[in-house]
Amino acid sequence: MREFTARFATAEEIENWDKHITANPNGGNMLQSAAYASVKNGHGWGVRFLVLESAGAASYNLVLEKKFPALGRLWYLIKGPDLSAVEDLKPALEACAVFARSRKLNVFAIKIEPDIEATGEAHAHLAASGMLKAPNIQSNDSTALLDIAPPENQVLRSISSRARNAIRRAEREGCEVVQREQSPETYRALYELMADTVKAKGSMPLRSFEYYSWFWDEFCNRGQGNFFFVYEDGKPSVGAFVINFGSKATYKDGGSTQNRKQYGDSHLVQWAAIRRMKELGCTEYDFCGAPPAARIKDTSHPLHGMGMFKTSFTKTVTDFVGCYDYVLAPLRYRLWVKGAERIFRRLETMRTGGQFY
């Protein structure tokens, strides 16, 4: 078992944060980026930039921090820690605990969600290491991933015949994808399409327009945000926001009008985004959310429709282990899970109208 030490990043490391994150063992994640740190730092969370070191190697991890009366601080290693193996989790978290206590930070629990594939062995190892399963938070704890490293024609052949036919028909019938620059008008166009989709599908409520504007600004200002639209009758009918972060592309936000006349327009938008992400050097395309692999054909699952669309590009649904809690103060943690978390989440929603995590 490897030994780890933990420390906060230096000013130089924070200045070059994305470079360090994308050099992590698993290539990092856009939810660990400098852009996302800026977003969350302005929406109810503090941020810490944590470095885990072992045998000359380093893993850089964004920590979201929130302080609660009587309980202390909760650390949320969003999509982390990014480590080489599941066996590294326990010593890395022990190092976090030693560091937090040495700095008198009063952390009562550390919430983790490493991008480790969910297997019986992985879950068993986490449980044996003293970590407690917690409800998942992120939409892409189960997701559809497409390998876009091969040449474009090979990537096209790898997707389903249904998706290829939809793309080709949309192209034959004159459907065109437009890549728009960041602007309040672009933001409003996509947000309205997202709202149309939420209204029609009855899915999770949207965050505020101000939140999305801030989010899109932060990624676009760093050259990591891309907007794609198609139009029908002169108006945006399908839109997508896709992030390029290191070697990974993420279809983060999207929406569409209902009862459209153009066939295959949604598939064509994704294909245009995939091609652009390849040009930007990405080798993996994350469709960001799907039902778990075991329920991909379950029509009762709230993400069934989206899952069918996304798996027309890739049959592979990857399930990650999701959220686990590493407990530093057992009594305070019991108060947290017995009701304090639920109360604080309700109060946050009442105060801000937004989501807690």
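Residues numbered from 1 in each chain as written. Predicted model: local features only at pLDDT ≥ 70, side-chain atom pairs only at ≥ 80, totals over all residues. Heavy atoms only, no water.

Q: Is there a simple way to explain the overall build of the protein chain in this structure?
A: The secondary structure content of the protein chain amounts to 12 helices and 14 strands. A globule of 357 residues ought to have a C-alpha radius of gyration of about 21 Å, and the protein chain, at 21 Å, matches this closely. The proportion of buried residues among the 357 residues of the protein chain is 53%. Taking the intrachain contacts of the protein chain between residues at least 6 apart in sequence as the baseline, contacts between residues at least 24 apart amount to 72%. Total accessible area on the protein chain is roughly 16500 Å²; 51% of this is exposed by carbon and sulfur atoms. Mean positive and mean negative side-chain charge positions of the protein chain (46 and 40 charges, respectively) differ by 5 Å. (Helix = DSSP H or I, 4+ residues; strand = E, 2+ residues; numbered from the N terminus. Rg over C-alpha atoms; globule rule 2.2 N^0.38 Å. Buried < 20%, exposed > 50% of the residue type's maximum accessible area, 1.4 Å probe, protein only. Contact = heavy atoms within 4.5 Å. Areas by Shrake-Rupley, 256 points an atom, 1.4 Å probe, with all protein chains shown as cover. Lys, Arg positive; Asp, Glu negative; His and termini not counted. Charge placed at Lys NZ, Arg CZ, Asp CG, Glu CD.)

Q: So what exactly am I meant to see when it comes to the pattern of salt bridges here?
A: Working definition: two side chains of opposite charge can pair if their charged atoms are close together. This structure, assessed with the given rule, holds 18 salt bridges. The closest approach of N and O atoms between Asp141 and Lys79, which form a salt bridge, is 3.1 Å. Here the residue Asp141 occupies a position in the loop between strand S6 (132-133) and strand S7 (142-147), and Lys79 occupies one in the loop between strand S4 (72-77) and helix H4 (89-102), the gap between them amounting to 62 residues. Neither Asp141 nor Lys79 differs from the other in exposure class; each is buried. (Salt bridge = Lys/Arg side-chain N within 4 Å of Asp/Glu carboxyl O.)

Q: Would you mind going over the packing of aromatic side chains with me for this structure?
A: Working definition: an aromatic ring pair is given by the centre-to-centre distance plus the angle between the planes. According to the stated counting rule, one finds 29 aromatic pairs in the structure shown. A centroid spacing of 5.9 Å and a plane angle of 90° characterise the contact between Tyr211 and Tyr212, whose relative ring orientation is edge-to-face. What makes Tyr211 buried here is its relative accessible area of 6%. Grouped by ring-pair contacts, the aromatic residues Tyr36, Tyr187, Tyr191, Phe209, Tyr211, Tyr212, Phe215, Trp216, Phe219, Phe227 and Phe241 constitute a single cluster. Above the face of the Tyr324 ring, Lys133 is positioned so that its terminal group lies 5.4 Å from the ring centre. In this structure, Arg188 is placed above the aromatic ring of Phe209, and the distance from its NZ or CZ to the ring centre is 3.7 Å. (Phe/Tyr/Trp six-rings, centres within 6.5 Å; stacked < 30°, edge-to-face > 60°. Lys NZ or Arg CZ within 6 Å of the ring centre and 35° of its normal.)

Q: Looking at this structure, how should I read the sheet that holds strand S13 (residues 317-319)?
A: Sheets are built from strands that pair by backbone hydrogen bonding, the pairs being arranged parallel or antiparallel. With mixed pairing, the 7 strands of this open sheet are ordered in space as S8-S9-S10-S11-S12-S7-S13. Either end of the sheet is taken by a strand with one partner, and the two such strands are strand S8 (178-180) and S13. Across the sheet, the mean angle from the axis of one strand to that of its neighbour is 35°, orientation sign disregarded. Together, strand S9 (225-232), strand S10 (235-245) and strand S11 (248-256) form the strand contacts of helix H9 (residues 209-221), whose direction differs from that of S10 by roughly 50°. Where helix H10 (residues 265-279) meets the sheet, its contacts fall on S7, S8, S9, S10, S11 and strand S12 (284-286), and the angle it forms with S10 comes to roughly 30°. (Pairing = 2+ DSSP bridges. Axes fitted to C-alpha atoms, helices over the stretch in contact; angles between N-to-C directions.)

Q: Please clarify how a nonpolar patch on the surface should be interpreted in this entry.
A: A contiguous nonpolar surface patch, about 320 Å² in accessible area, is contributed by Ile343, Leu347 and Met350. Along the chain, the position of Ile343 falls in helix H12 (residues 330-352). (Patch = residues over 30% accessible without salt bridge, like charges linked within 9 Å, V, L, I, M, F, W, Y side chains within 5 Å.)

Q: Which parts of the structure should I look at to understand the nonpolar core?
A: For soluble globular proteins, nonpolar side chains are generally found buried alongside one another. Core analysis: the largest hydrophobic core is formed by 48 residues, its most contacted members being Phe215, Trp216, Phe241 and Trp336. Here this core takes 7 residues from H9, the largest share from any one element. Residues contacting Phe215, with those up to four places away along its chain left out, are Tyr36, Val39, Phe241, Ile243 and Lys252. Core analysis: the second largest hydrophobic core is formed by 30 residues, Phe4, Leu50, Leu105 and Leu328 among them. (Core = buried A, V, L, I, M, F, W, Y, C linked by side-chain atoms within 4.5 Å.)

Q: Just to check I follow, could you spell out the pairing of strand S2 (residues 46-54) for this structure?
A: Looking along a regular strand, one sees side chains alternate from face to face of the sheet. Alignment of strand S1 (residues 5-8) against S2, held across 4 bridges, turns out to be antiparallel. Pairing of Arg7 across the sheet is with Val51, part of S2. As defined by bridge partners, S2 adjoins strand S3 (residues 57-68) across 9 bridges and the pair is classed as antiparallel. Directly across from Gly46, in S3, lies its bridge partner Glu65. Connecting S2 to the antiparallel partner S3 that follows it, the hairpin turn spans 2 residues, and Ala55 within it adopts a positive phi of roughly 50°.

Q: Looking at this structure, I do not really get the side chain of Asn24. What am I missing?
A: Among the structural elements, Asn24 can be located in the loop between helix H2 (17-21) and helix H3 (34-41). For Asn24, a relative accessible area of 5% gives the class buried. Every residue in contact with Asn24, bar those within four places of it in the chain, is listed here: Ala58, Ser59, Tyr60 and Asp82.

Q: Looking at this model, I keep getting lost on H12. Mind explaining?
A: Every α-helix carries 3.6 residues per turn, so stepping three or four residues along brings you back to the same face. Maximum bend of H12: about 60°, positioned at Val337. Within H12 the residues assigned to the buried category are Tyr333, Trp336, Gly339, Ala340, Glu341, Phe344 and Glu348. Looking at the buried residues of H12, the elements they touch are S3, S4, strand S5 (107-112), S6 and strand S14 (324-327). Following H12 by one or two positions, Gly353 has its phi on the positive side, about 75°. (Bend = angle between axes of the 7 residues up to and from the residue.)

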